[in-house]
Amino acid sequence: MKFILEGAGVFIYPLGLCSFLALFIIIERFISLRDSKVIPREVANSLIAGQLPQLSNELSSSIGRILYFFKTSKPDPEALKAFAQLEMTRLEKGMFWLDVVVSAAPLLGLLGTVAGLVTVFATDSSLPSPETISRGVGLALSTTIIGLSIAIPAIVGNSYLNRKIDKLCARLNICVESLIDVHEKEKSK
């Protein structure tokens, strides 16, 4: 492992940054996308049952902020849906950077591969020395391994988190529609 890290040369710094960024975003999104932070079960069940939940300025969850907006602003259904959409985009915070890492890590590995091969073949003499070949091939292989080792888990994390966000957005949409129905029923009474 030490050989791979040392063989990556200067490319280890941007690859290390990609690794840190991917790990940070994946852990932060795992924590932030818990059900209790987005749609607590009791609130969702209450809305689906046709009852307006009793929350006292509960702003720590997405549905809590939507309910607070609903109770304080008395918006029309379109304004409520627009606010809910704003809350849904908050769920995607930082995911753009994870997409960048998924794309950049293997490209940095490829750039290191090309740089390693240029090192091997860009000599003034007709045959490169064994040391030059070793250094160039080491750079080429090390950066490729590290780039792919970063990209593959980042792709898995990105796919899982995007699927989770899609599910949470669907649940938020159901809750907002239920909230609109509850509001319409109260208005007709």
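Refer to the preceding data block for the structure.
An account of the accompanying structure is given in this report. (Residues numbered from 1 in each chain as written. Predicted model: local features only at pLDDT ≥ 70, side-chain atom pairs only at ≥ 80, totals over all residues. Heavy atoms only, no water.)

## Thoughts on the overall build of the chain
- Looking only at helices and strands, the chain features eight helices and zero strands.
- Rg of the C-alpha trace for the chain: 25 Å, well past the compact-globule value of 16 Å for 189 residues, more than 25% over.
- Viewed in the frame of its principal axes, the chain has a C-alpha envelope of about 90 × 25 × 20 Å.
- Taken across its 189 residues, the chain has 38% of its residues classed as buried.
- The long-range fraction of contacts in the chain, counting pairs at least 24 apart against all pairs at least 6 apart in sequence, stands at 74%.
- Across the chain, the 19 positively charged side chains and the 17 negatively charged ones have centroids separated by 6 Å. (Helix = DSSP H or I, 4+ residues; strand = E, 2+ residues; numbered from the N terminus. Rg over C-alpha atoms; globule rule 2.2 N^0.38 Å. Buried < 20%, exposed > 50% of the residue type's maximum accessible area, 1.4 Å probe, protein only. Contact = heavy atoms within 4.5 Å. Lys, Arg positive; Asp, Glu negative; His and termini not counted. Charge placed at Lys NZ, Arg CZ, Asp CG, Glu CD.)

## Topic: the side chain of Arg29
- Relative to the helices and strands, Arg29 resides in helix H2 (residues 12–32).
- Polar contacts involving the side chain of Arg29 include one to the side chain of Glu28, which spans 2.8 Å.
- Side-chain polar atoms of Arg29 contact the backbone oxygen of Lys93, separated by 3.3 Å. (Polar contact = N/O pair within 3.5 Å; in protein donor to acceptor, adjacent residues only side chain to side chain.)

## Some details on helix H6 (residues 77–91)
- Look at H6: 21 Å from first C-alpha to last across 15 residues, which is about the 21 Å you get at 1.5 Å a residue.
- Those residues of H6 that sit buried are Leu80, Phe83, Ala84, Glu87, Met88 and Leu91. Looking down the long axis of H6, one finds its buried residues gathered within 150° of arc, a one-sided arrangement.
- Residues of H6 that are buried make contact with H2, helix H3 (35–38), helix H5 (62–73) and helix H8 (130–188). (Expected span 1.5 Å × (residues − 1). Arc of directions from axis to C-beta.)

## With respect to the environment of Glu87
- For Glu87, the position within the fold is in helix H6.
- Classification of Glu87 as buried rests on a relative accessible area of 3%.
- Put simply, Glu87 and Cys169 are 82 residues apart on the chain and 9.0 Å apart in space, counted from C-alpha to C-alpha.
- Setting aside residues no more than four positions away along its own chain, Glu87 makes contact with Ser62, Arg65 and Ile66.

## A look at the side chain of Asn158
- Tracing the chain through its elements places Asn158 in helix H8.
- On the accessibility criterion, Asn158 (9% relative accessible area) is buried.
- When neighbours within four sequence positions are excluded, Asn158 is seen to be in contact with Met95, Leu98, Asp99 and Val102.

## Some details on the environment of Val156
- Of note, Val156 is situated in helix H8.
- In this structure Val156 comes out as exposed when scored by relative accessible area, which is 56%.
- Put simply, Val156 and Val102 are 54 residues apart on the chain and 9.6 Å apart in space, counted from C-alpha to C-alpha.

## Observations concerning the packing of H5 against H8
- Packing of H5 against H8 leaves a shortest axis separation of 11 Å and a crossing angle of 25°. Judged on the interaxial angle alone, H8 and H5 are roughly parallel. The way H5 lies across H8 gives a crossing that is right-handed. Across the interface between the two elements, Ser62, Ile63, Ile66, Leu67 and Phe70 of H5 pack against Leu172, Cys175, Val176, Leu179 and His183 of H8. (Axes fitted to C-alpha atoms, helices over the stretch in contact; angles between N-to-C directions. Parallel < 35°, antiparallel > 145°, perpendicular 65-115°, else oblique. Left-handed = near helix turned anticlockwise from the far one by under 90°.)

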